Structures are given as structure tokens and as C-alpha cells.
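# Observations on the model geometry
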Amino acid sequence: MSLGLLVGFGSIGTYAYWSDTAVVSGGPITSGAMDLQFDTTGAVGTGANYAKTAITWSNLAPGERKAFDLSVKNVGNPPFTYVATATRGVSPTWTFSGTPITVQVYSGTAVADTTYPQQDTCTGASLGTAQAVDATNKSVITTAQEIPAGGTQGLCIVVGLDQAADNLNQGKTGSIALTFTASQKTS
């Protein structure tokens, strides 16, 4: 009986521990942006378009090729890679018969030819094969090109009239549209 009393009268108590809580606040967290810029001011802003009015040519003859310079700049934060496609432009309306207009993209700059028939070239390597322009997107830059943040790459766009363009293509008009698609570099 005495054993039971000893156990029953054991000390039971609560203990108090000090505590503290603090919140650490950071400053603003802002996401970056990906943005392509063409030449010195073209297409600034995500999804903006650029009308390169210098890609124009009158009185071209079958077999002629004209080269045009275009610079691509990464004005965003992350490095990116890009590819490009070509298709018929909207204005002026395409009136060529078949697919006599070709587009090919090179790295580097345009080298003008002053002889007839005009055969402009480019200083750099081809970034894809020449494509006949039609109503579908054709890959003209097939190997993704990488540009670091703030970096620029010079391109040379060669537009030609196929040597086999027939008489139905005399006095016709049209334009080309190049679509550049950039993707954030993942590693």
C-alpha cells in the first residue's frame, strides 16, 4: 500500500520555454523577358513585328539573286536560340505563278554583285538550304542559332528568281515573310 502512495504523489508540472518568431522580407522579385530585336530598332517588345522595307527588288530576271543584311539582337535577359521560316507575305498580294521565288539565309553580310545577271553572295556560311516560297512555312534556318543576352548576330537574306521561272512570271509581285522563333536556352 505504501508503494502505491509514493507513486501517486510524484511531482507533475509544466515547464515554460521562451520562444521568438521573426519574418524576413525580401525586396521585389522580377521576372526577366525574352525579346528579339532586328536591325537597330525593329520589333522591340514580345510578339512585335518588323517591316524591313529594304527587302525590295524591282525588275529581277530569272536566275538573279539579291542579298539583304539583317541583324538579330537579344535585348532580353536569358540567352536564347532561334530558328526561322519563310512564307509568302501579305502585302503586296502574291501574283507569281507557282513557286519561282527562293529564300536562303546565311550568317555574315551581303556582298553586292554589279554585273548582269545579278548574283549577290554573303560573307558567311549557309544556315539552311534555299527554299521555294509558297503559302506554307519553310525552314530557312534549320540549325538553331544561339545569342547570349545583349548579343547580336548578322544575317544575310538571299532572295532569288528561279532560273526556270516561265513567262507567266513576268511583271508579277509579292513579298516574303520571315518568322523568327526564339526559345530560352535550357542548359
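What comes next concerns the included structure. (Residues numbered from 1 in each chain as written. Predicted model: local features only at pLDDT ≥ 70, side-chain atom pairs only at ≥ 80, totals over all residues. Heavy atoms only, no water.)

## Comments concerning the pairing of strand β4 (residues 101-107)
Summarising burial for β4: six of the seven residues are buried, a large majority. In this structure, β4 lies alongside strand β9 (residues 152-161), joined through seven bridges in antiparallel fashion. Each bridged residue has a counterpart across the sheet, and for I101 the counterpart in β9 is L161. Sheet analysis places β4 next to strand β7 (residues 131-132), joined by two bridges and oriented antiparallel. Looking across to β7, one finds that T102 is bridged to A132. (Buried < 20%, exposed > 50% of the residue type's maximum accessible area, 1.4 Å probe, protein only. Helix = DSSP H or I, 4+ residues; strand = E, 2+ residues; numbered from the N terminus. Pairing = 2+ DSSP bridges.)

## Here we look at the pattern of salt bridges
Counting across every chain of the model gives three salt bridges. The salt bridge partner of D134 is K138, with a shortest N-O separation of 3.2 Å. Judged by its relative accessible area of 16%, D134 is buried. As a salt-bridge pair, E146 and K185 come within 3.0 Å of each other at their nearest N and O atoms. Within this pair, whereas E146 is found in strand β8 (residues 138-147), its partner K185 is found in the segment after β10 (176-184), the two being separated by 39 residues in sequence. Relative accessible area serves as the criterion here: at 31%, K185 is assigned to the partly exposed category. (Salt bridge = Lys/Arg side-chain N within 4 Å of Asp/Glu carboxyl O.)

Everything listed is a geometric property; what it means functionally is a separate question.
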